[in-house]
Amino acid sequence: MNDQPQRAGGAIDDIIDRYQNMVYGLALARTGSASDADDVFQEVFLAYHQSGKTFRDEEHRKAWLLKTTVNLSRRVTASTWRKKTAPLSEREDVPVLFQEPGENLVWEAVQSLEDAYRLPIYLHYFQELSTQEIGKALSLRPGTVRMRLSRGREKLRELLKGEFFDE
């Protein structure tokens, strides 16, 4: 891999192509709303482009994008405006995320978890990040991440009992 520091902004299209699923998926898992995830996605890559930041390597760039996504998602979910609004009722025409019905059930179960469990589960199983990487992105110790993954799996097992697990 190239050992030269890499500046933000250069070849932004390549960076968006490489990290769009990770950023959007994390924003969606964090906010629970496609429109909010769209907003966070745009803000993350705008911040990236405008930062002029120099990255040691791709892992540093990835960690910066994860941390920025978490922080901007937190800002959206904690906003006063969001707390004063009520979500629209569930719509029937919401597009299916996955081809297999079972995958959609799992996604819905993951989305119903508290943030403390949902984010580590998403980052570990959907983005295949290590507990070290998740810890850096969420400002947690790796042991805390492992504990949240374990408890999150237990909560998912309870939610999906009868669907995938014997009762």
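Everything that follows concerns the structure shown earlier in this document.
These numbers come from a predicted model, not from an experiment.

Rules of the game
- Residues numbered from 1 in each chain as written.
- Predicted model: local features only at pLDDT ≥ 70, side-chain atom pairs only at ≥ 80, totals over all residues.
- Heavy atoms only, no water.
- Helix = DSSP H or I, 4+ residues; strand = E, 2+ residues; numbered from the N terminus.
- Expected span 1.5 Å × (residues − 1).
- Buried < 20%, exposed > 50% of the residue type's maximum accessible area, 1.4 Å probe, protein only.
- Arc of directions from axis to C-beta.
- Polar contact = N/O pair within 3.5 Å; in protein donor to acceptor, adjacent residues only side chain to side chain.
- Contact = heavy atoms within 4.5 Å.
- Salt bridge = Lys/Arg side-chain N within 4 Å of Asp/Glu carboxyl O.
- Phe/Tyr/Trp six-rings, centres within 6.5 Å; stacked < 30°, edge-to-face > 60°.
- Core = buried A, V, L, I, M, F, W, Y, C linked by side-chain atoms within 4.5 Å.

Asks: Account for helix α2 (residues 34-51), with residues named and values stated.
Replies: For α2, built from 18 residues, the straight-helix expectation of 26 Å at 1.5 Å per residue is met to within 8% by its first-to-last C-alpha distance of 25 Å. Along α2, the residues classified as buried are D36, A37, V40, F41, V44, F45 and Y48. The arc enclosing the buried residues of α2, seen along the axis, measures out at 160°, which places them on a common side. More than 90 degrees from the buried face of α2, the exposed residues found are Q42 and Q50.

Asks: So, unusual backbone geometry: which residues are in play, and what are the values?
Replies: Most peptide bonds adopt trans geometry, and most residues besides glycine take a negative phi value. Even without a glycine there, the phi angle at E128 is positive, about 55°. For E128, the location among the structural elements is in the loop between α6 (115-126) and α7 (131-138).

Asks: Quick rundown of the side chain of T68? Include the residues and the values.
Replies: Position of T68 relative to the elements: it lies in helix α3 (residues 58-77). Within the structure, the side chain of T68 is placed 2.8 Å from the backbone oxygen of W64, a separation counted as a polar contact.

Asks: How would you summarise α7 if you had to cite specific residues and measurements?
Replies: Where α7 is concerned, the buried positions are T131, I134, G135, A137 and L138. Projection of α7 onto a plane perpendicular to its axis shows the buried side chains occupying an angular sector of 165°, all on one side. Every exposed residue of α7 that faces more than 90 degrees away from the buried side is listed here: Q132 and K136. Close packing links the buried residues of α7 with α3, α6 and α8 (142-159). Once α7 finishes, S139 follows within two positions and takes phi at roughly 55°, a positive value.

Asks: Just give me the short version of the side chain of R30, but keep the residues and values in it.
Replies: Relative to the elements of secondary structure, R30 occurs in helix α1 (residues 12-31). Not counting chain neighbours up to four residues away, the residues in contact with R30 comprise V70, S73, R74, T77, D115, R118 and L119.

Asks: Quick one: what's the story with the pattern of salt bridges, residue by residue and with numbers?
Replies: Counted under the stated rule, the structure contains six salt bridges. A salt bridge links E58 to R61; the nearest nitrogen and oxygen atoms lie 3.0 Å apart. Here R61 and E58 lie together in helix α3, a separation of three residues that amounts to about one turn. For the pair shown, E58 and R61 are each scored as buried. A salt bridge links D115 to R118, with the shortest nitrogen-to-oxygen separation between them at 2.0 Å. Of this pair, D115 and R118 both sit in helix α6, three residues apart, roughly one helical turn. R118 sits in the buried class, given a relative accessible area of 8%. One network of salt bridges, with partners in common, ties together R18, E58 and R61.

Asks: Outline the packing of aromatic side chains, supporting the account with residue identities and numerical values.
Replies: A full pass over the atoms with the stated rule returns seven aromatic pairs. Ring centres of Y122 and F126 lie 5.3 Å apart, and the angle between their planes is 15°; on these two criteria the pair is classed as stacked. With Y122 and F126 both in helix α6, this residue pair falls four residues apart, about one helical turn. Y122 gets classed as buried once you look at its relative accessible area, which sits at 3%.

Asks: Please give an account of the nonpolar core that cites residues and values.
Replies: In terms of nonpolar packing, the biggest core is built from 40 residues, with V23, L65 and L123 touching the most fellow members. If you list the elements that add at least two residues to this core, you get α1, α2, α3, α5 (101-112), α6, α7 and α8. Sequence-distant contacts of L123, defined by excluding residues within four places in its chain, comprise L26, L66, E128, L129, I134 and L138.

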